[in-house]
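Next come the chains, spelled out residue by residue.
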Amino acid sequence: MPVQVSVIICCFNSAARLPDTLRHLAQQQPPAQGSWEVLVIDNASTDNTAATATDCWQRFGPPGVPLRVVSEPQPGQMHARKKGVQEAQAECLVFCDDDNWLGNNYVAHAWAMAQQPQFGAGGGKNVPVTDAPAYPDWFEEYKDKYAVSIRFGPSGDVSSRGLVLGAGLVTRKSLFLEVNSDRYPSLLNGRDGQHLSTGDDFEYCKRLLLWGYKLYYDEQMILQHFIPKDRLTVPYREKLMAGIVEAGKVLGEYDLALRLHHRNSKKNRWRLLALAPFRILLCRLGLTDRQLQDEQLTLFYLSPLPGKNNTPRALIKKFMYRQ
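Predicted, not measured: the structure shown is a model, and the values here were computed from it.

Thresholds applied
Residues numbered from 1 in each chain as written. Predicted model: local features only at pLDDT ≥ 70, side-chain atom pairs only at ≥ 80, totals over all residues. Heavy atoms only, no water. Helix = DSSP H or I, 4+ residues; strand = E, 2+ residues; numbered from the N terminus. Rg over C-alpha atoms; globule rule 2.2 N^0.38 Å. Buried < 20%, exposed > 50% of the residue type's maximum accessible area, 1.4 Å probe, protein only. Contact = heavy atoms within 4.5 Å. 1 Å grid on protein atoms, 1.4 Å probe; cavity = no way out; pocket = protein on both sides within 12 Å on 5 of 7 lines; lining within 4 Å. Points joined across faces, edges and corners; volume = space filled by probe spheres on them. Nonpolar A, V, L, I, M, F, W, Y, C, P; charged D, E, K, R; others polar. Pairing = 2+ DSSP bridges. Phe/Tyr/Trp six-rings, centres within 6.5 Å; stacked < 30°, edge-to-face > 60°. Lys NZ or Arg CZ within 6 Å of the ring centre and 35° of its normal. Patch = residues over 30% accessible without salt bridge, like charges linked within 9 Å, V, L, I, M, F, W, Y side chains within 5 Å. Areas by Shrake-Rupley, 256 points an atom, 1.4 Å probe, with all protein chains shown as cover. Salt bridge = Lys/Arg side-chain N within 4 Å of Asp/Glu carboxyl O. Polar contact = N/O pair within 3.5 Å; in protein donor to acceptor, adjacent residues only side chain to side chain. Core = buried A, V, L, I, M, F, W, Y, C linked by side-chain atoms within 4.5 Å. Arc of directions from axis to C-beta.

**Student:** For this particular structure, what's the right way to read the overall build of the chain?
**Tutor:** What the chain contains, in helices and strands, is 11 helices and 9 strands. In terms of overall dimensions, the chain is globule-like: its C-alpha atoms have a radius of gyration of 21 Å, near the 20 Å expected for 323 residues. Looking at the 323 residues of the chain, the share that counts as buried comes to 51%. In the chain, the share of contacts with a sequence separation of at least 24, taken over all contacts with a separation of at least 6, comes to 79%.

Spelled out as structure tokens, the structure:
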């Protein structure tokens, strides 16, 4: 029976968190037309992550569902994800963090979602659980920063939202490898065990949109994100926010590129390029309602010339036009 879905769990010193994650995963309903597998990516761990994963799956893993532990010595969540994708047997992938508890229909619905037209990536409804006596007063304001509670409304195409969460993200193997090839290295490499850098999942979504793929949401796919009490402190929150702010500088460049892409995608590129210098001049003279930044970006992104250096904007342009 072919492997229809590969569940990839990227781990850094995850021995304490993995048992609950794997116990929930073991209760999955299989996809309708095939089997599934689990890959645990040991990303430079110094604890017994690998042994814990193997032991847990031997004890309560469902029959016929293999679990493989793969080592990735280079720290960084994106490096771990790429290793997992390269090792995956299935075209349909589910990224499950080591503190994500997937509902028992998640894998089956992920496979069905991946059959949607122009499917690029998707996800479900992420809800928080904790071992703390109560959530702090500030959690409601910041909970979306903890990869929970971003709700998109009814199930379906949510491309206009510009993102789906990396926790529980569903995508395709061939697409992931193409979008994150050595030719187009990620500008955000995710957490590495020492820093709470983030945004690589959002970058992936924005890259997909630039290439014309769609994002989907399924409200029946429930993921519980376990947030231990030591992550519900103000120092941890501030460290998390610092990583989000830093990533936002790059993600903001993607948003500018997407805005121009959506505005100009159905227009004649060469006509827009010819008009751009005149429109920039009119903006500087105050003779038009057009925005100077938009016209400058139009000239930059539509010009066939590459950027002068490896700035995020120049690299995004290279990606957009597959240069």
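The structure having been displayed, the exposition proceeds.
**Student:** When you look at the layout of surface pockets in this model, what are you seeing that I'm missing?
**Tutor:** Over the atoms a probe the size of a water molecule is rolled, and this reveals where empty space is left. Taken as a whole, the second largest pocket encloses approximately 180 Å³ of empty space. In terms of lining residues, the second largest pocket is bounded by 13 residues, among which His 261, Asn 264, Leu 302, Met 320 and Tyr 321 are the most central. Of all elements in the fold, only helix H8 (234-264), helix H9 (269-284) and helix H10 (292-302) reach the threshold of two or more residues within the lining of the second largest pocket. The greatest single-element share of the lining of the second largest pocket, amounting to 4 residues, is contributed by H8. Considered class by class, the residues forming the lining of the second largest pocket number 7 nonpolar, 4 polar and 2 charged.

**Student:** Can you help me understand the pairing of strand S4 (residues 92-95) in this one?
**Tutor:** Look at any regular strand and the pattern is simple: side chains alternate between the two faces of the sheet. The side-chain alternation of S4 yields two buried faces, one formed by Cys 92 and Val 94 and the other by Leu 93 and Phe 95. Relative to S4, strand S1 (residues 3-11) runs parallel, the two sharing 4 bridges. Across the sheet, Ser 6 pairs through a bridge with Leu 93, a residue of S4. Relative to strand S8 (residues 170-172), S4 is paired through 3 bridges, and the arrangement is antiparallel. Pairing of Val 94 across the sheet is with Val 170, part of S8.

**Student:** What should I look at first to understand helix H7 (residues 200-210) in this one?
**Tutor:** Burial runs high along H7: 10 of the 11 residues are buried. One or two steps after H7, the chain reaches Gly 212, where phi turns positive at roughly 90°.

**Student:** Where do I start with the packing of aromatic side chains in this structure?
**Tutor:** In this structure the tally under the stated criterion is 14 aromatic pairs. Considering the side-chain rings of Tyr 184 and Phe 319, the 5.3 Å spacing of their centres and the 85° angle between planes classify their relative orientation as edge-to-face. Of this pair, Tyr 184 sits in the loop between helix H6 (173-179) and H7 while Phe 319 sits in helix H11 (residues 312-320), and the two are 135 residues apart along the sequence. Like Phe 319, Tyr 184 is buried. Here a set of aromatic residues connected by ring pairs shows up, and it is made of Tyr 135, Trp 138, Phe 139, Tyr 142, Tyr 146 and Tyr 236. When the ring centre of Phe 319 is taken as origin, the NZ or CZ atom of Arg 207, which lies over that ring, is 4.7 Å away.

**Student:** How do you make sense of a nonpolar patch on the surface when you look at a structure like this?
**Tutor:** A surface patch of nonpolar side chains, amounting to about 400 Å² of accessible area, comprises Leu 281, Leu 282, Leu 285 and Leu 287. Relative to the elements of secondary structure, Leu 281 occurs in helix H9. Residue class for Leu 281 comes out partly exposed when judged on its relative accessible area of 48%.

**Student:** How should the side chain of Thr 298 be read in this particular structure?
**Tutor:** With respect to the element layout, Thr 298 can be found in helix H10. A distance of 3.2 Å separates polar atoms of two side chains, one belonging to Thr 298 and the other to Arg 263. Those residues in contact with Thr 298 that sit more than four places away from it in its chain are Leu 260, Arg 263 and Asn 264.

**Student:** What should I look at first to understand the nonpolar core in this one?
**Tutor:** Tyr 204, Leu 210 and Leu 215 are the most contacted members of the largest nonpolar core, which has 41 residues in total. Examining the composition of this core, we find that 8 residues originate from one element, H8, more than from any other.

**Student:** Explanation requested: the pairing of strand S9 (residues 214-227) in the structure shown.
**Tutor:** Relative to S9, strand S5 (residues 100-102) is paired through 3 bridges, and the arrangement is antiparallel. Across the sheet, Leu 102 pairs through a bridge with Leu 223, a residue of S9. Inspection of the sheet shows strand S6 (residues 119-130) paired to S9 by 10 bridges, in the parallel sense. In the sheet register, Pro 128 faces S9, and the bridge partner there is His 225. Taken together, the 2 bridges between strand S7 (residues 156-157) and S9 define a ladder with antiparallel strand orientation. The partner of Asp 157 across the bridge, within S9, is Tyr 216.

**Student:** Explain H10 here, please?
**Tutor:** Structurally, the α-helix is built with 3.6 residues per turn, so residues lying three or four positions apart point the same way. Those residues of H10 not exposed but buried are Asp 294, Glu 295, Leu 297, Thr 298, Tyr 301 and Leu 302. Buried positions in H10, seen along its axis, are confined to an arc of 160° and lie on one side of it. The inward-facing, buried residues of H10 contact H8, H9 and H11.

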